Amino acid sequence: MSVTNFPSGASPALTGLPIAKVTMPALTEMKRQAKPISALTAYDYSSSRLVDEAGIDLILVGDSLAMVVLGHENTLAVTVDEMLHHTRAVRRAVRRALVVADMPFGSYTTIATALANAIRFVKESGAEAVKIEGPRVDLVRALVEAEIPVIGHLGLTPQSLHRMGGYRVQARTAESVHQLQAQAHALAEAGAGAIVLEGVPREVAAAITAELSVPTIGIGAGPECDGQILVFHDLLNLTFAPAAKFVRRYADAGALIRSAIEHYREDVEHRAFPSDEESYHLPESARHALDEMPSAVLRKA
Ligand code: KIV
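All of these numbers come straight from a predicted model, not from anything done at the bench. (Residues numbered from 1 in each chain as written. Predicted model: local features only at pLDDT ≥ 70, side-chain atom pairs only at ≥ 80, totals over all residues.)

## Overview of the sheet that holds strand E3 (residues 98–102)
Here is the rule: In short, DSSP must find at least two bridges between two strands for them to pair. Each helix is a run of DSSP H or I of at least 4 residues and each strand a run of E of at least 2, with the numbering of both proceeding from the N terminus. Angles shown run from 0 to 180 degrees and are taken between the N-to-C directions of axes, each axis being a line fitted to C-alpha atoms and, for helices, limited to the stretch in contact. Once C-beta atoms have been placed from the backbone, residue pairs whose C-beta atoms lie within 7 Å are recorded as contacts.
Read around the closed barrel, 8 strands run E1-E2-E3-E4-E5-E6-E7-E8, paired in parallel fashion. The sheet shows a mean angle of 25° between the axes of neighbouring strands, taken without regard to direction. In the packing of helix H9 (residues 202–211) onto the sheet, contacts are made with strand E6 (194–198) and strand E7 (216–219), and the angle to E7 comes to roughly 165°.

The structure is reproduced here in structure tokens:
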């Protein structure tokens, strides 16, 4: 058992932040006001609740969960049902941040399947927007027409791993820079509410950011993007691999958790846990009554 309910809906106030809900239009307004957008992935109730209470503007239930939560080698294996399961948990935790669900590989190959799956994310998990990878301009238009806010994702798109031949920084030639710029403009014109730029040179992301009226959210794309996103487990060192160049580890939760668990194991092995204070006791009357019974077998504690 664990207590997880919001104490009368007050949790974000713990940080002193206003509770005003972040919406898709609010992201555009933040760009207009030159207010940086903070974004982070999260995949379950407790971590999302912490992320939300810390005042992060956008929570992405990323398909990176395939790797950091489910232990797959890449993001390709995660299914719509698995993503829905995690998005529901996140949705239950979040009061303020915009909750965005990542459409997994294979879930938007045609406009019809994309619409059906995106509607599931909105209806069944409470996602407020979906994210799709690649320059899928017609698809973005169709989703927006169906009233589903969309975030695009360009540059290094992990679902294109096999086509790219590995995770490589994109847009490194003049031609590919122009191509990326054109894709970003096309997605914005089709109605994408924001565009994640991943693994692209800083100069390229800065130029795209300056040209677009919708916000860019960078990951490995330099500081000029309108916002930044990281993977929760990267930020906290909960991965089991060296960090990519763009990752900053803000804490070593891996070391903290490992040491706490080792301490617990030692306490169990030495019978130092639980203590008498951490144990329940019989009421005095019941103890006496049991003592009086000839068949009493209670051991004196
Ligand atoms: O799945 C993911 O984590 C992402 C990123 C943009 C961080 O797509």
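## Overview of the domain arrangement of the chain
Rule in force here: Segment limits for the domains were obtained from an automatic or database-derived domain assignment.
Entries for the chain in the domain assignment read domain 1 (11–252) and domain 2 (257–292). Between the C-alpha centres of domain 1 and domain 2 the distance comes to 46 Å.

## What about the site of the ligand?
Filter applied, for reference: Residues are classed as near a molecule or strand if the C-beta position derived from their backbone is within 6 Å of it. Note that Gly is not counted as nonpolar here; it falls among the polar residues with everything else outside the nonpolar set of Ala, Val, Leu, Ile, Met, Phe, Trp, Tyr, Cys and Pro and the charged set of Asp, Glu, Lys and Arg.
Surrounding the ligand, one finds Thr 41, Leu 60, Gly 62, Asp 63, Ser 64, Asp 102, Val 196, Glu 198, Ile 219, Ile 229 and Val 231. In the shell around the ligand, the residues fall into 5 nonpolar, 3 polar and 3 charged.

## With respect to the environment of Ala 118
Tracing the chain through its elements places Ala 118 in helix H5 (residues 111–125). Note: C-alpha distance between Ala 118 and Leu 143 (25 residues apart in sequence) is 7.8 Å. Once residues lying within four places of it in the same chain are set aside, the contact partners of Ala 118 are Met 103, Val 130, Leu 143 and Ile 148.

## Re helix H8 (residues 174–190)
As a reminder, the rule being used: In a helix, the anticipated span is given by 1.5 Å times the number of residues less one. Once C-beta atoms are placed from the backbone, each residue is buried if 20 or more other C-beta atoms lie within 10 Å of its own, exposed if 12 or fewer, and partly exposed for counts between those two. The directions from the helix axis to the C-beta atoms form the arc being described.
Helix length check: H8 (17 residues) gives 24 Å between terminal C-alpha atoms against 24 Å at 1.5 Å per residue, within 8%. Inspection of H8 places Leu 180, Gln 183, Ala 184, Leu 187, Ala 188 and Ala 190 among the buried residues, and these make up the whole buried set. All buried residues of H8 project into a common sector of 165° when viewed along the axis, lining one side. Set apart from the buried face of H8 by more than 90 degrees, the exposed residues are Ala 174, Glu 175, His 178 and Ala 182.

## Digging into the packing of H8 against H9
What counts here: What sets the label is the angle itself: under 35 degrees gives roughly parallel, over 145 gives roughly antiparallel, 65 to 115 gives roughly perpendicular, and the rest give oblique. Crossing handedness is read from the near helix: turned anticlockwise from the far helix by less than a right angle, it gives a left-handed crossing, and turned clockwise, a right-handed one.
Put simply, H8 and H9 touch, their axes get as near as 10 Å, and they point 30° apart. By the angle between their axes, H8 is roughly parallel relative to H9. The handedness of the crossing between H8 and H9 is right-handed. Touching Val 177, Leu 180, Gln 181 and Ala 184 of H8 are Val 204, Ala 207 and Ile 208, all from H9. In terms of residue class, the contact of H8 with H9 is made up of 6 nonpolar, 1 polar and no charged.

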